[in-house]
Amino acid sequence: MQVLISGGGIAGNALALGLAARGIRPTVVERAAAPRPGGQAVDLRGQSSAVVERMGLLPAVRERRLHERGMAYVDARRRVYARMPAEMFDGAGPVAELEITRGDLNDVLLTALGDGAEYRYGESIAALHDDGSGVDVTFASGLYGRYDLVVAADGLHSGTRALAFGPEERFATHLGGAMSFFTVPTPADAEPGWFSLHPAVGVAVGIRPDADPATAKAIVTLRAPADPALRGDPAAQRELLRQRLTGVGGHAPEILAALPETPDFYFDELVRVDMPSLSAGRVTLLGDAGYCGSPLTGMGTAMAVVGAYVLCGELTAAPGDIPGALARTERVLAPHLERAKQVPGGGIRAMVPGSKTAVRLARAAAGVMTSRAARPLVRRMFTGADEAAVPVY
Ligand SMILES: Cc1cc2nc3c(=O)[nH]c(=O)nc-3n(C[C@H](O)[C@H](O)[C@H](O)COP(=O)(O)OP(=O)(O)OC[C@H]3O[C@@H](n4cnc5c(N)ncnc54)[C@H](O)[C@@H]3O)c2cc1C
């Protein structure tokens, strides 16, 4: 089976690893010049941690796991007004039992893969033609190839999805904000192991522990309308952050100081993707390209891993029947996708206060959420209703 994967993020790399383990050597085209570093802690909860274990990755993930002690809400002067220690929710609250930075998880996948796939960095799909028995692909470099299956794992703004399904606007819903993640030197007064969050008017400023104690991950959530001009323009994105973080308090001064030089700046609008179908002929969507729920859900990476495992399992369970495998993948994933797109706690409006009064209300709410009576509710917010089991392939 000749498989082309567009995008070497968590979804694309997890699928490449699964296929390689079953004797299929896929081709991966990644637009960036090298594997993209960066990203803060990602949660591997429930089915995703079971899948990581079945893929044989648990020892490597555990070795690089983060040991977050919990989340602390701080005011503009960095005084803690509420705490959610991890054990308060038995690892089922905002801090999950198994956490690793996105960059480290990507590294774990690529190390396990070795040379099991052909990677072409600085490459992307320019055009494709599906004739029913295969897909002819022209690459941006001018190269050409024919594949049995093309997997679009090229993220929220997937170019491959646009070629096979139509423009992004048809499937995307803007969720009223944007988020940015990047590495900063650990602020001198940061409490080791604690994720500190300062929700201010229009922006929530956070510092999260990194695997290296000398650095931390900045996490900035903004209320912001959709603005296509920001897309693909890191200078404009940084300038927006600079404006919104100025005078906000919390750890904003350290984040602002690190912003111009940070090595792994990431910024994107909060967008949900709803597709009528994950496949069109022999082109199929995987990860954010097919079912992005936005970083607000905390489920994007978990779903990318689960999606890759199921797609790989179905493709290799009945080799030769690609349409059947794609239909079964869609059926198996459906209940997981619905759940993974739910935003805990009411979305951007709850996470980023819109006024000074809302800041005061958010503070009171943080106190309530950490009360003994509310703990089962919070646990449920982050773990959802009973999770369907992913088949074992
Ligand atoms: C650098 C980075 C940091 C992130 N940090 C966080 C975070 O801290 N918290 C969080 O919740 N989520 C973060 N995300 C998003 C998160 O990784 C995804 O929601 C989730 O892991 C699903 O991954 P994905 O592989 O589907 O998409 P992505 O992680 O977006 O990966 C898509 C890959 O495809 C590549 N690509 C894009 N367009 C093309 C194209 N036309 N042709 C070829 N390749 C293309 C991209 O360079 C990228 O490597 C981050 C993503 C990136 C890329």
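Everything discussed here concerns the structure shown above.
Residues numbered from 1 in each chain as written. Predicted model: local features only at pLDDT ≥ 70, side-chain atom pairs only at ≥ 80, totals over all residues. Heavy atoms only, no water.

Enquirer: Is there a simple way to think about the sheet that holds strand β11 (residues 149-152) in this case?
Expert: Two strands in a sheet stick together by hydrogen bonds in their backbones, pointing the same way (parallel) or opposite ways (antiparallel). Ordered by their spatial adjacency, six strands build an open sheet running β7-β2-β1-β11-β18-β17, and the pairing between neighbours is mixed. Taken across any chain shown, the strands that pair with only one partner, and hence form the sheet edges, are β7 (118-121) and β17 (279-280). With four bridges connecting them, strand β2 (residues 27-30) and β7 associate as parallel partners. What sits directly across from Glu30, in β7, is Tyr121. Here helix α1 (residues 10-21) sits on the sheet in contact with β1 (3-6), β2, β7 and β11, set at roughly 160° to β1. (Pairing = 2+ DSSP bridges. Helix = DSSP H or I, 4+ residues; strand = E, 2+ residues; numbered from the N terminus. Contact = heavy atoms within 4.5 Å. Axes fitted to C-alpha atoms, helices over the stretch in contact; angles between N-to-C directions.)

Enquirer: What is the right way to read helix α2 (residues 46-54) from this model?
Expert: Turn by turn, an α-helix covers 3.6 residues, leaving residues three or four places apart pointing in a common direction. What α2 keeps buried is the set Gln47, Ser48, Val51 and Val52. Each buried residue of α2 lies within a common arc of 140° when the element is viewed along its axis, so the set occupies one face. Where the residues of α2 are buried, they touch β3 (41-43), α3 (58-63), α9 (300-317) and α10 (322-340). Just beyond α2, the residue with positive phi is Gly56, at close to 80°. (Buried < 20%, exposed > 50% of the residue type's maximum accessible area, 1.4 Å probe, protein only. Arc of directions from axis to C-beta.)

Enquirer: Please clarify how the pattern of salt bridges should be interpreted in this entry.
Expert: When their charged atoms lie close together, side chains carrying opposite charge are able to pair. Scanning all chains against the criterion turns up 21 salt bridges. Here Glu269 ties to Arg231 by a salt bridge, and the two come within 3.4 Å at their closest N and O atoms. Of this pair, Glu269 sits in strand β16 (residues 266-273) while Arg231 is found in the loop between β15 (215-223) and α6 (234-245), placing the two residues 38 residues apart along the sequence. The class of Arg231 is partly exposed, set by a relative accessible area of 35%. Ionic pairing is found between Arg242 and Glu239, a salt bridge with its closest N-O pair at 2.9 Å. In this pair, Arg242 and Glu239 are both assigned in helix α6, three residues apart and thus about one turn of the helix distant. One connected set of salt bridges, linked through shared partners, spans Arg161, Glu168, Arg231 and Glu269. (Salt bridge = Lys/Arg side-chain N within 4 Å of Asp/Glu carboxyl O.)

Enquirer: Explanation requested: the packing of aromatic side chains in the structure shown.
Expert: Geometrically, a pair of aromatic rings is defined through the distance of the ring centres and the angle of the planes. Following the criterion strictly, the structure yields six aromatic pairs and no others. Aromatic pair Tyr309 and Tyr393: ring centres 5.5 Å apart, planes at 65°, arrangement edge-to-face. Of this pair, Tyr309 sits in helix α9 while Tyr393 sits in the segment after α13 (375-383), placing them 84 residues apart in sequence. Taking the relative accessible area as the measure of exposure, Tyr309 reaches 9% and is therefore buried. For Tyr393, a relative accessible area of 24% puts it in the partly exposed group. Lying over the aromatic face of Trp194, Arg83 brings its terminal NZ or CZ to 4.6 Å of the ring centre. The ring of Phe139 has Arg120 lying over it, and the distance from NZ or CZ to the ring centre is 4.9 Å. (Phe/Tyr/Trp six-rings, centres within 6.5 Å; stacked < 30°, edge-to-face > 60°. Lys NZ or Arg CZ within 6 Å of the ring centre and 35° of its normal.)

Enquirer: What's the story with the side chain of Lys217 in this structure? I'm lost.
Expert: Mapped onto the fold, Lys217 is located in strand β15. A polar contact of 3.2 Å, which involves the side chain of Lys217, links it to the side chain of Asp210. Discounting residues that sit within four places of it in the chain, Lys217 has contacts with Gly39, Gln40, Thr101, Phe182, Thr183, Gly206, Ile207, Arg208, Pro209, Asp210 and Asp264. (Polar contact = N/O pair within 3.5 Å; in protein donor to acceptor, adjacent residues only side chain to side chain.)

Enquirer: What is the right way to look at the sheet that holds strand β4 (residues 70-74) in this model?
Expert: Read from one edge of the open sheet, seven strands run β5-β4-β13-β14-β15-β12-β16, paired in mixed fashion. Bordering the open sheet on either side are β5 (80-85) and β16, each of which pairs with just one other strand. Strand-to-strand twist in this sheet, taken as the mean axis angle between neighbours without regard to direction, amounts to 20°. For β4 and β5, the ladder comprises five bridges, and the chain directions are antiparallel. Counterpart to Tyr73 in the pairing with β5 is Ala82. Docked against the sheet, α6 engages β12 (172-185), β14 (203-209), β15 and β16, running at close to 85° with respect to β15. Running at roughly 40° to β5, helix α12 (residues 356-369) makes contact with β4, β5 and β13 (194-200) of the sheet.

Enquirer: Which parts of the structure should I look at to understand the nonpolar core?
Expert: Within soluble globular proteins, side chains that are nonpolar tend to cluster in buried spots. Ranked by size, the top nonpolar core spans 51 residues in total, and within it Ile5, Leu15, Leu19, Val61, Val151, Leu286 and Leu333 carry the most contacts. Counting residues per element, the ones that place at least two in this core are β1, α1, α2, α3, α4 (102-113), β11, α9 and α10. A per-element tally of this core places α9 first, with eleven residues. When residues no more than four places from it in sequence are discounted, the contact partners of Val61 are Leu44, Val52, Leu98, Ile100, Leu105 and Val108. (Core = buried A, V, L, I, M, F, W, Y, C linked by side-chain atoms within 4.5 Å.)

Enquirer: What is the right way to read unusual backbone geometry from this model?
Expert: Negative phi values dominate among residues other than glycine, just as trans dominates among peptide bonds. Of note in the backbone geometry, Arg78 takes a positive phi value of approximately 70° without being a glycine. Locating Arg78 in the fold gives a position in the loop between β4 and β5.

Enquirer: Help me understand the site of the ligand, please; the structure alone is not making it clear to me.
Expert: Near the ligand lie 27 residues; those nearest to it are Ala11, Glu30, Gln40, Asp288 and Thr301. Arg31 has a polar backbone atom sitting 3.1 Å from a nitrogen atom of the ligand. Arg36 places a side-chain nitrogen or oxygen 3.0 Å from an oxygen atom of the ligand. Within the complex, 93% of the 920 Å² of free accessible area of the ligand lies under protein. Only α1, β2 and α9 provide two or more residues apiece to the shell around the ligand. It is α9 that contributes the most residues to the shell around the ligand, three residues altogether. (Near = heavy atom within 4 Å. Areas by Shrake-Rupley, 256 points an atom, 1.4 Å probe, with all protein chains shown as cover.)

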